[in-house]
Amino acid sequence: QVQLVESGGGLVHAGGSLRLSCAASGLTFSSYAMAWFRQAPGKEREFVATISWSGGSTDYADSVKGRFTISRDNAKNTVYLQMNSLKPEDTAVYYCAAGWTRGNAVQHMTASYQYFYWGQGTKVTVSS
């Protein structure tokens, strides 16, 4: 049974930082591209960042480029999202997801339907 468990969410002031973690089990983690999506109240789920199985390729939504960094540790079956310079508009529930793609490129892996497995989410609230 595949499980993705997010942690690290919370309340932070604008300009602050948070580090989200997603621990995976029940799958060959190193074979999957991993991603973070988010869903703000009343809005659709949106892509945040993705990373290839090797960690050698990443892609980000324009809204978080230069502020967020996705990384992974295949030995720990964990993917991370370091979020700096947080803004109130970053407030959302953040989900990690696992998907498969041939090769190491992930720039095309920005749609939710491309990911097979999802976590339950962790809430991030950024106060102004």
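Residues numbered from 1 in each chain as written. Predicted model: local features only at pLDDT ≥ 70, side-chain atom pairs only at ≥ 80, totals over all residues. Heavy atoms only, no water.

**What about the overall build of the protein chain?**
Thinking step 1. Each helix and strand counted, the protein chain has 0 helices and 11 strands in total.
Thinking step 2. The order of α-helices and β-strands along the protein chain, N terminus first, is β-β-β-β-β-β-β-β-β-β-β.
Thinking step 3. For 128 residues, the compact-globule estimate of 2.2 N^0.38 gives 14 Å, and the C-alpha radius of gyration of the protein chain, at 13 Å, lies within 12% of that figure.
Thinking step 4. Seen through its principal axes, the protein chain has C-alpha atoms that stretch 40 × 25 × 25 Å.
Thinking step 5. Looking at the 128 residues of the protein chain, the share that counts as buried comes to 44%. (Helix = DSSP H or I, 4+ residues; strand = E, 2+ residues; numbered from the N terminus. Rg over C-alpha atoms; globule rule 2.2 N^0.38 Å. Buried < 20%, exposed > 50% of the residue type's maximum accessible area, 1.4 Å probe, protein only.)

**Focus: the sheet that holds strand β3 (residues 18-25)**
Thinking step 1. If you trace the 4 strands from one edge of the open sheet to the other, you get β1-β3-β8-β7, paired in antiparallel fashion. Each edge of the open sheet is held by one strand with a lone partner, namely β1 (3-7) and β7 (68-73). Direction aside, neighbouring strands of the sheet carry axes that sit 15° apart on average. (Pairing = 2+ DSSP bridges. Axes fitted to C-alpha atoms, helices over the stretch in contact; angles between N-to-C directions.)

**Some words on the nonpolar core**
Thinking step 1. M34, W36, V79, L81, M83 and Y94 are the most contacted members of the largest nonpolar core, which totals 37 residues.
Thinking step 2. Breaking this core down by element, the ones donating at least two residues are β3, β4 (33-39), β5 (46-51), β7, β8 (78-83), β9 (92-99) and β11 (122-127).
Thinking step 3. Not counting residues within four places of it along the chain, the set of residues in contact with V79 comprises L20, S21, C22, F29, M34, W36, I51, I70, S71, R72 and C96. (Core = buried A, V, L, I, M, F, W, Y, C linked by side-chain atoms within 4.5 Å. Contact = heavy atoms within 4.5 Å.)

**Structural notes on the pairing of β11**
Thinking step 1. Of the two faces of β11, only one is covered, namely that formed by T122, V124 and V126; the face formed by K123, T125 and S127 stays uncovered.
Thinking step 2. Relative to β11, strand β2 (residues 10-13) runs parallel, the two being bridged by 4 bridges. Considered in β11, the bridge of H13 is made with S127.
Thinking step 3. Inspection of the sheet shows β9 paired to β11 by 3 bridges, in the antiparallel sense. When the bridges of β11 are listed, A92 appears paired with V124.

**Focus on the environment of V124**
Thinking step 1. Within the element layout of this structure, V124 appears in strand β11.
Thinking step 2. Classification of V124 by relative accessible area gives buried; the value is 0%.
Thinking step 3. In this structure, the C-alpha to C-alpha distance between V124 and L86, residues 38 residues apart in sequence, is 10.0 Å.
Thinking step 4. Setting aside residues no more than four positions away along its own chain, V124 makes contact with G9, G10, L18, L20, M83, D90, T91, A92 and Y94.

**Regarding the pattern of salt bridges**
Thinking step 1. Across all of its chains, the model carries 4 salt bridges by this definition.
Thinking step 2. The residue R38 makes a salt bridge to D90 at a minimum N-O spacing of 2.9 Å. Highlighted residues: R38 in strand β4 and D90 in the loop between β8 and β9, separated in sequence by 52 residues.
Thinking step 3. Given a relative accessible area of 5%, R38 falls into the buried group. (Salt bridge = Lys/Arg side-chain N within 4 Å of Asp/Glu carboxyl O.)

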